[in-house]
Amino acid sequence: MFPAIRIVFAVVGAVLGAKTGSGGGWFFATLVGAFIGLAIVEFASVRGRMLTLEEDIAKLRASLRRREAEAPAPAPSPAAPPAAPPATSAPAAAALAAAPRTVASASQSPMAALDELRREGRAAAYTPGPAMRARLGARPQTEKAGGETDIPIFSAVRAFFTGSNALVRAGVIVLFFGVAFLLRYVAEHTRVPIEVRLAGVAMGAIVLLALGWSLRKSRPGYALALQGGAVGILYLIIFAALHLYALLPASAAFLLLAVVAGLGATLAILQNSMAFALLAVTGGFLAPILASNGEGNHVVLFSYYAVLNAAIVAIAWFKAWRPLNLAGFVFTFVIGTLWGVLRYRAEDFSSTEPFLVLFFLFYVAVAVLFTLRQPANLAGYVDGTLVFGLPIVAFGLQAAMLHDSRFVLAYSAAAVSAMYLAIAWFLYRARSETQRVLIEAFVALGVVFLTLAVPLALDSRWNAATWALEGSALIWVGCRQQRRLPRAFGAILTIAAGCVIAQDLDFSNGRVVLKLGSYLGVLSVSAASVFSARTLHVHRQRLEEYEHAFAAVLFLWGLCWWCVGGLGELTQYTAPAYLAAALLIFAALTALVSSELYRRTDLDVAKAAALFLLPVMTLFAGHAVETAPHPFAQGGWISWPVAFLIFYLLAHRHEGAPGGGVAKALHVGSAWLLVAIASWEAAWAVNYGVHGSESWRAAAWAAMAVLAVFFLPRLATRVHWPFRVHREAYLFTAGVGYAVYLGLWSLATNLALPGDADPLPYLPVLNPLDIAQVFALLVIVRYWRFLRAVHLKAFAELDPRLLPAILAGLAFIWANGVLLRTLHQWGGVPFSLGSFVQSTLTQTALSIFWAVLSLTLMLVAARMSARTLWLGGAALLAVVVAKLFLVDLSRVGSIERIVSFVGVGLLMLIVGYVSPLPPAVEQRR
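Definitions and cut-offs
Residues numbered from 1 in each chain as written. Predicted model: local features only at pLDDT ≥ 70, side-chain atom pairs only at ≥ 80, totals over all residues. Heavy atoms only, no water. Core = buried A, V, L, I, M, F, W, Y, C linked by side-chain atoms within 4.5 Å. Buried < 20%, exposed > 50% of the residue type's maximum accessible area, 1.4 Å probe, protein only. Helix = DSSP H or I, 4+ residues; strand = E, 2+ residues; numbered from the N terminus. Contact = heavy atoms within 4.5 Å. pLDDT = per-residue confidence, 0-100. Axes fitted to C-alpha atoms, helices over the stretch in contact; angles between N-to-C directions. Parallel < 35°, antiparallel > 145°, perpendicular 65-115°, else oblique. Left-handed = near helix turned anticlockwise from the far one by under 90°. Polar contact = N/O pair within 3.5 Å; in protein donor to acceptor, adjacent residues only side chain to side chain. Salt bridge = Lys/Arg side-chain N within 4 Å of Asp/Glu carboxyl O. Phe/Tyr/Trp six-rings, centres within 6.5 Å; stacked < 30°, edge-to-face > 60°.

(A) Structural detail: the nonpolar core. Counting 87 residues, the largest nonpolar core has Tyr363, Val387 and Tyr420 as the members making the most contacts within it. The element contributing the most residues to this core is helix α12 (residues 298–318), with 13 residues. Not counting chain neighbours up to four residues away, the residues in contact with Val387 comprise Ala367, Val382, Tyr420, Leu438, Ala441, Phe442 and Leu445. Counting residues in each nonpolar core, the second largest holds 54 residues, with Ile646, Leu650, Ala698 and Leu731 among its members.

(B) Spatial organisation of the confidence of the model for the protein chain. Looking at the protein chain as a whole, its pLDDT mean stands at 76, while 70% of the residues score no less than 70. Confidence, read as mean pLDDT per element, is least for helix α3 (residues 90–98) in the protein chain (39) and greatest for helix α25 (residues 636–654) (96). Note that residues 76–154 has pLDDT below 50 and, in this model, 99 contacts with residues that lie over four places away or in other chains. Confidence drops under a pLDDT of 50 for residues 921–925, and excluding neighbours within four residues, the segment shows two contacts in the predicted structure.

(C) Examining the packing of helix α19 (residues 484–502) against helix α20 (residues 519–538) more closely. At their nearest, the axes of α19 and α20 sit 10 Å apart, and the two run at 155° to each other. In this view, α19 runs roughly antiparallel relative to α20, as classed from their interaxial angle. When the axes of α19 and α20 are compared, the crossing they make is left-handed. In this structure, α19 contributes Arg487, Thr494, Ala497, Gly498 and Ile501 to the contact, and α20 contributes Gly521, Val522, Val525, Ser529, Ser532 and Leu536.

(D) Quick peek at the side chain of Ser839. With respect to the secondary-structure elements, Ser839 resides in the loop between α33 (833–838) and α34 (840–864). Owing to a relative accessible area of 13%, Ser839 belongs among the buried residues under this scheme. There is a polar contact of 3.0 Å between the side chain of Ser839 and the side chain of Thr842.

(E) Up close: the pattern of salt bridges. Under the criterion given, the structure shown has seven salt bridges. Where Arg345 meets Asp348, a salt bridge forms, and the shortest distance between an N and an O atom there is 3.5 Å. Exposure remark for Arg345: the relative accessible area of 48% places this residue in the partly exposed category. By relative accessible area, which is 7% here, Asp348 ends up buried. Residues Glu596 and Arg600 are paired through a salt bridge, measuring 2.6 Å at the closest nitrogen-oxygen approach.

(F) Representation of the packing of aromatic side chains. According to the stated counting rule, one finds 24 aromatic pairs in the structure shown. Summarising the aromatic geometry, the rings of Phe329 and Phe333 are spaced 5.2 Å apart at their centres and angled 50° between planes, so their arrangement reads as tilted. With Phe329 and Phe333 both in helix α13 (residues 322–343) and four residues apart, the pair spans about one turn of that helix. The class of Phe333 is buried, set by a relative accessible area of 4%. Geometrically, the ring pair formed by Trp562 and Phe586 is stacked, given 5.7 Å between the ring centres and 20° between the ring planes. Of this pair, Trp562 sits in helix α21 (residues 550–573) while Phe586 sits in helix α22 (residues 579–601), and the two are 24 residues apart along the sequence. Classification of Trp562 as partly exposed rests on a relative accessible area of 28%. Take Phe586: its relative accessible area is 17%, and that puts it in the buried class. One aromatic cluster is present, built from ring pairs that chain together Phe302, Trp339, Tyr344, Phe355 and Phe359.

Structure representation (structure tokens):
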């Protein structure tokens, strides 16, 4: 069966189960419906494979006999003339021409010969007919046009009405119905004593039986039809005398029924006629239906059927007649189900339950006997309809009668499971290899019913624990025995156990809380899932290709429920203020446990789960930003050090090769996260200790990054792990990240902060903010020069003019920030963009400052013969000139305008004299 078919049936069963479930039982009904849908597909698949196997064996035997018959005769003696070859058809001659010279001996095993025929491409070249199948001992089976195979019981019915003596058999059926209708009519319209009427019909049936027995050798087909009709009429008479007319006491009636049933079984066995047995049994089951007037006692009906089924069991002891077994099974449970739907009441349970148990045991025995009585060519063949259909039908009837008593139904499921497992154990002790399929089927049914018993008898926590442990055991057995079905069922049970636990989760008030006592079930599901994942990983060489991902899925499933259980317990027993810190420690310890599991199981997914600690820490940091005043608050002083300590231990174990993507991501990400948390804590501590302005806090935000950039070169050369091992990751990626952060910090603080230094007075450059700015720019320059000296490959690919330009821009912005903050603090100009634009003092100061700065740049450039630097200063001077005419000129009559123009003009003259444009590189050469 294709996996899609399994999924479709499981989904359909789950939907139907959900529709039939009510109240809190909807989940169990959904789960049972999914199991039933999946079981139907699996049973159909097993049945199809068995039919195919039987077909191949029958064809093999026929092909072997054909090859023996067509084998060339021994070479004649020289004196005798050669014998003429036997006439053969063209296909047979072609087959002989293609066949090898050596003929398989009669002692060759059928499977070996079948393999040989398949290798030669001729295994399906011959299809034996019904007669050949009967001669070879194969189960009767016909084929329709197009190769479609009939169901065996349908084949038997069709053969009954279309084979030899078909007219006689049809006549017997008509006679049987006529006798039944005659009995009813005579009872309603005549005054002949009922005893006489029944005795007359019984004498006629005995005459038919004697006539049939006397003709058994001369007219066997005719004789069997007469005997079958006679036995059916006797069933009808005895049942009518007991049930309709009360002429016989129950003990006598059932004794007579047992005698007739034994007689019919004996006649069928003696004459080796399945058709006779089928006819007699069919008449026996139809007798109560035909003779019934709609009223009566169900105990009598089921007792009568018990006798008939006992006869079927007796026949099954000697003969493996599958159509007879199926006919009894269908009649018994279909009629019983119809009676249950139409007539059953709760007070009938005590008188109905024993019959249901008895019928169930009868057909379990029939299924076992059918397998034990198979001929040698079909040894071990299992009747899938009885083996798998019987428990479904019988337990469905049991559940219908006990739908209000789940605990009693749980006992029933446990008893059925124990029975199947006990039978499987006894068959296994017999050491019969041919019964392997039946043993595995009974073990599977025992496991299924034990699985169903758990949710019926126990609450969700024990249900989940039992299913999880059972699922892991099935996966272990399936791996050891190389069986896919136990592995699949075990995985489904493990997943289902988690789904059962999900019902105990309470998501009220935005918190995940487990019901009291449910943590045991969570631990069981988690442990069983991890154990199953390890088992699948250890036996991965024996698994199908599509099963390789199951180990990772089950491990993640176990990890998920471990985390859910931990979250629920910590939420319940930890104060809300310390919950985040407790969860962070729990996550770190979970990662450590995953690492230990990887070291012992070699599961790659366990290593991935361990290294996933870094993203989890990042999420906790983001949560702390929203909920905590600083990272070490509310227990963070212990949780963050523990988390980083465990993380670096895990990174040292599992980071992989230096320079790899995983190692680089781990160390760079952790370095950035560590400095970010340290900066946040430092900023809070400084602000808490100084109680000053934002300048102190802003300076503390840069301090940790400045220290990191300052010490990274030394760490990368002196500390082996992690810095020297992952030198490029730390020096280039992490260090450049710190530098970028400092650059952005410098830009943001210069644009946003006015430079208040409370409780200290403001002094330009000598205040916390400007001192931090100077250190930030200096360590960036130092770091840039260090990177140029060590010749890192990634750094060498950058444009060498990019970083100096960025540093110059940051220095220029910082210098302007110093000026603007000084004007704000000392000149009273409000610290805002609009105020600076409207302030004439600010515009004049900026013009003169920019001009002085450009003059300085041009002088330095002239001394260094740095043409690019000189052009930069000239560009700044051009901006100053443009500003004079576009901005400062608008302030007509102000002394500031005069100072701006005069000061800038004088500076331009000085620049033109002392700092001419340096020549280009070609001109200097």
